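# Structural description and commentary
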Amino acid sequence: MSLDTSLPLLLATLLALAVVIAWVRLTHWRRAAADRHGTSLRFAMLCALQPVFAALLFFTLLPPRQTATPGMLVVMTAQADRVALPAPWQGQPRIALPEAPAMADAERAPDLGTALRRHPDAQTLHIVGAGLEARDRDAVGGRTITFSPAPLPRGILALSPVAIATPGAPFAVSGRVNGASPATVVLRDPAGQRIDATAVDARGNFHLTGLARLPGPALFRVEMLDARHAVIDAVGLPVWTQAAAPPRVWALAGAPNAEWKYLRRWATDAGIDLHLQVSLGGGLQLGDAPLPMTADTLRRFDLVVLDARSAAALGDGHRAALAAAVRDGLGVLLRIDGTVPPATQRTLGVSLTGDDEAEFHLPRAAPDDDAWRARRGVGTADTPVDSEAITGGLPVLTRRDVRVVSTDAIPLVRDANDAAIAWWRSEGRGRIGLWMPVDTYALVLAGHPDLHASLWSQAFGTLARAGTRTAPQIPSQIRAPQRAAFCHLADGARITAPDGTVTRLQRDPATGDARCAGFWPRLAGWHQLNVGEDSTPFHVRAADDAPHLHAMDLRTRTEHLAAVPRARHPTRAPAAQGPRGPAWPWFLGWLATAGLLWWLERRRPAAG
């Protein structure tokens, strides 16, 4: 007989013996009393309370076990002590994972897999606290999951990773905060200068834009401020800046003008191979040597830029070759600086209405002058930055007041009033863009060449022919020493750590066409995923870095596990004994009974 079964029997025997001894003592006390009048009721109450007193003491020392349903298991994770366990789960056996706080009634386990081997009949898991770590998610298998999450922390909960940035081009940052209203989110560059700021919306979401100038790794900083501009939370934002392969561009100008002049100057400075042909009429041309518009010629380029005149001069064969090249992946940008013929509109798959001109303003690059200056920098000795341009503001620009009639057109550029001034749409494997501004060169004349470059860089980068290489799928949040899954891997994939250690990735055959492999980073910092000649950088956070991001990631992934429908396994076993319930209600009853017994025994009858 085990101690768990013998202890209640031993304690019950001792208490029963104590009750009998108490009854004998009370009988002897009554017989010895000199005055027996008025003591009969007190004697009966004292005798009746003895077994009640013993029973309450028994349940105080050994509270009754709660009913547990076989096949159910409560899994305690980090911050489990901040969650009130639902009533149906209070009597179930509990497992505490390493991250869980110390709990007296929970069995400790090094991981969920070990806990399930100890409880092989568990088919329903109730997760309590922050959520399951990466090491425990695969162990769930086909079991049913329910989740009682811990309260959300106060700070930055989500932060979108930044793709590889291009020097001089803006990058976007979005995320979510919790716990402060109103709140402001600020983006600071590696030097600590504020380059953007925005107020969060009603749901706590925010959107920022940054600017990276030099190639290589950089650590920006996102701060959450309260109404008094005190920092509530701050998270590092790793950004890798790398010069992309410049697109090959063929530009056909129907007439020379300042817009083409400054576009070519920007392309030359940016290292873009721009083949520009400018028609003067009567068969005369300026610029580069004329090329025939054939399928072979178009395959040599990633983007074709046209204006209204050059588009109108295309013949039927040229338009057919251009349309076929777009479906094969070529990008086309049409500058609408005049009337676009209906045949060209049909080729591009759009319908344009209107032909007037209208003025517009571009949005400011930063919320205030200080942030704007920080984004622009100081320039170089050859190209200094015009410090007076910020004070003067942005110039008024002109655009064609044309309405795009297309169900699949997507805004490419918006003005200060959030109206689209450029559009793009997909056509096969390629993209077609419509550009309404006619005098963006005025930005350069007003001292804002950076904004002029940003506009055209955004247009070229969006529309140019995309590469055919299948990029590996890298997780958005990687943290040492947690497991991370890399998918879409080719043979020979390897990872180089910051200290130079090379790890070869072994694909898991069970992942099939996803071609995934697991990686456990040891160090925080920038790593390189190398596949053949291609190298993709990614950042690994330290275990204690950005804890609020980690908490939200655990919560989201555990909620996803709980949302996946799974087949329920019927449980045929009868109800089992779960952990013992709380002892304090029995203790209060025992204390009240002890006080009543003390009063009855010490009470003296009134004289006379």
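Up top is the structure these notes are about.
Notes on the structure follow. (Residues numbered from 1 in each chain as written. Predicted model: local features only at pLDDT ≥ 70, side-chain atom pairs only at ≥ 80, totals over all residues. Heavy atoms only, no water.)

With respect to the helices and strands, histidine 275 occurs in strand β15 (residues 273–281). Spatially, the C-alpha atoms of histidine 275 and isoleucine 164 are 27 Å apart, while their sequence positions differ by 111 residues. Discounting residues that sit within four places of it in the chain, histidine 275 has contacts with Val249, Trp250, Ala251, Asp288, Ala289, Leu291 and Phe301. Side chain to side chain, histidine 275 and glutamine 277 meet in a polar contact 3.5 Å long. (Helix = DSSP H or I, 4+ residues; strand = E, 2+ residues; numbered from the N terminus. Contact = heavy atoms within 4.5 Å. Polar contact = N/O pair within 3.5 Å; in protein donor to acceptor, adjacent residues only side chain to side chain.)

Now for the pairing of strand β18 (residues 331–335). Counting buried positions along β18 yields five of five residues, so the element is predominantly enclosed. Of the two faces of β18, both are covered, the one formed by Gly331, Leu333 and Arg335 as well as the one formed by Val332 and Leu334. Two elements, strand β17 (residues 303–307) and β18, share five bridges in a ladder whose sense is parallel. Residue pairing across strands places aspartate 307 opposite arginine 335, the latter belonging to β18. Both β18 and strand β23 (residues 430–435) contribute to a ladder of five bridges, which runs parallel. Paired with glycine 331 across the strands is arginine 431, a residue of β23. (Buried < 20%, exposed > 50% of the residue type's maximum accessible area, 1.4 Å probe, protein only. Pairing = 2+ DSSP bridges.)

Its boundaries defined by the atoms lining it, the second largest pocket holds a volume of some 560 Å³. What lines the second largest pocket is a set of 22 residues, among which Ala134, Arg137, Arg483, Ala485 and Arg557 lie closest to the centre. Going through the elements one at a time, α4 (134–137), β24 (484–486) and α14 (547–563) are the ones with two or more residues in the lining of the second largest pocket. For the lining of the second largest pocket, the element with the highest residue contribution is α14, accounting for six residues. (1 Å grid on protein atoms, 1.4 Å probe; cavity = no way out; pocket = protein on both sides within 12 Å on 5 of 7 lines; lining within 4 Å. Points joined across faces, edges and corners; volume = space filled by probe spheres on them.)

Below, the discussion takes up the sheet that holds strand β12 (residues 216–225). Pairing in this open sheet of four strands is antiparallel, and the strands run β10-β9-β12-β13 from one edge to the other. Because the sheet does not close on itself, it has two edges, and the strands there are β10 (194–199) and β13 (231–241). Sheet twist, expressed as the average angle between the axes of neighbouring strands with direction ignored, equals 20 degrees. Here strand β9 (residues 184–188) runs beside β12; their pairing, made up of five bridges, is antiparallel. Across the sheet, residue threonine 184 finds its bridge partner in β12, namely leucine 225. (Axes fitted to C-alpha atoms, helices over the stretch in contact; angles between N-to-C directions.)

Right, let's get into the side chain of glutamate 133. Along the polypeptide, glutamate 133 turns up in the loop between β5 (124–129) and α4. Buried charge without a partner: glutamate 133 forms no salt bridge, and the closest opposite charge is arginine 137, 5.3 Å away. Not counting the four nearest positions on each side in its chain, glutamate 133 is found in contact with Glu99, Gln482, His550 and Leu554. (Lys, Arg positive; Asp, Glu negative; His and termini not counted. Salt bridge = Lys/Arg side-chain N within 4 Å of Asp/Glu carboxyl O.)

A few words on the packing of helix α2 (residues 40–61) against helix α15 (residues 584–602). Helix packing for two helices is described by the angle between their axes and how far apart those axes are. The contact between α2 and α15 brings their axes to 9 Å, and the two run at 155 degrees. Considering their axes alone, α2 and α15 lie roughly antiparallel with respect to each other. In this structure, the crossing between α2 and α15 has a hand that is left-handed. When α2 is examined against α15, the residues Arg42, Met45, Leu46, Leu49, Gln50, Val52, Phe53, Leu56, Leu57, Phe59 and Thr60 are found in contact with a partner set consisting of Trp586, Phe587, Gly589, Trp590, Thr593, Ala594, Leu596, Leu597, Leu600 and Glu601. (Parallel < 35°, antiparallel > 145°, perpendicular 65-115°, else oblique. Left-handed = near helix turned anticlockwise from the far one by under 90°.)

Our focus in this paragraph is the packing of helix α5 (residues 258–269) against helix α13 (residues 449–463). Relative orientation of the contacting elements α5 and α13 amounts to 80 degrees, with a least axis distance of 11 Å. Overall, the two elements α5 and α13 adopt an arrangement that is roughly perpendicular. For the pair α5 and α13, the contacting residues are Glu259, Tyr262, Leu263 and Trp266 in the first and His452, Ala453, Trp456, Ser457 and Phe460 in the second. Tallied by class, residues from the contact of α5 with α13 come to six nonpolar, two polar and one charged. (Nonpolar A, V, L, I, M, F, W, Y, C, P; charged D, E, K, R; others polar.)

The next thing to look at is the sheet that holds strand β29 (residues 534–540). Across the sheet, four strands lie side by side as β26-β25-β28-β29; this open sheet has antiparallel pairing. Both outer strands of the open sheet, β26 (502–504) and β29, are each paired with one neighbouring strand and no more. Ignoring strand direction, the axes of neighbouring strands in this sheet form an average angle of 25 degrees. In this structure, strand β28 (residues 525–531) lies alongside β29, joined through seven bridges in antiparallel fashion.

This part takes up unusual backbone geometry. The residue after alanine 480, namely proline 481, is reached through a cis peptide bond having omega 0 degrees. Its place among the elements puts proline 481 in the loop between α13 and β24. The backbone phi angle of glutamine 79 is positive, close to 65 degrees, even though this residue is not glycine. Counting through the fold element by element, glutamine 79 comes out in the loop between β2 (72–76) and β3 (94–96). One non-glycine residue, histidine 488, lies in positive phi territory at about 60 degrees. In this structure, histidine 488 sits in the loop between β24 and β25 (494–496). Residue histidine 488 is classed as partly exposed on the basis of its relative accessible area of 32%.

Bringing the nonpolar core into the picture now. Ranked by size, the top nonpolar core spans 37 residues in total, and within it Leu303, Val305, Leu333, Leu362, Trp435 and Phe460 carry the most contacts. The biggest single contributor to this core is α13, with six residues. Ignoring anything within four residues of it in the chain, the contact list for leucine 362 reads Leu394, Leu397, Arg414, Ala416, Ile421, Leu443, Leu451 and Leu455. Among the nonpolar cores identified, the runner-up in size contains 27 residues, and Ala321, Val326, Val340 and Ala409 belong to it. (Core = buried A, V, L, I, M, F, W, Y, C linked by side-chain atoms within 4.5 Å.)

Glancing now at the state of the cysteines. Counting across every chain of the model gives one disulfide. The disulfide partner of cysteine 487 is cysteine 516, and the gap between their sulfur atoms is 1.9 Å. Taking the sign of the torsion about the S-S bond as the criterion, the disulfide between cysteine 487 and cysteine 516, at about 105 degrees, is right-handed. Within this pair, whereas cysteine 487 is found in the loop between β24 and β25, its partner cysteine 516 is found in the loop between β26 and β27 (517–519), the two being separated by 29 residues in sequence. (Disulfide = S-S within 2.5 Å.)

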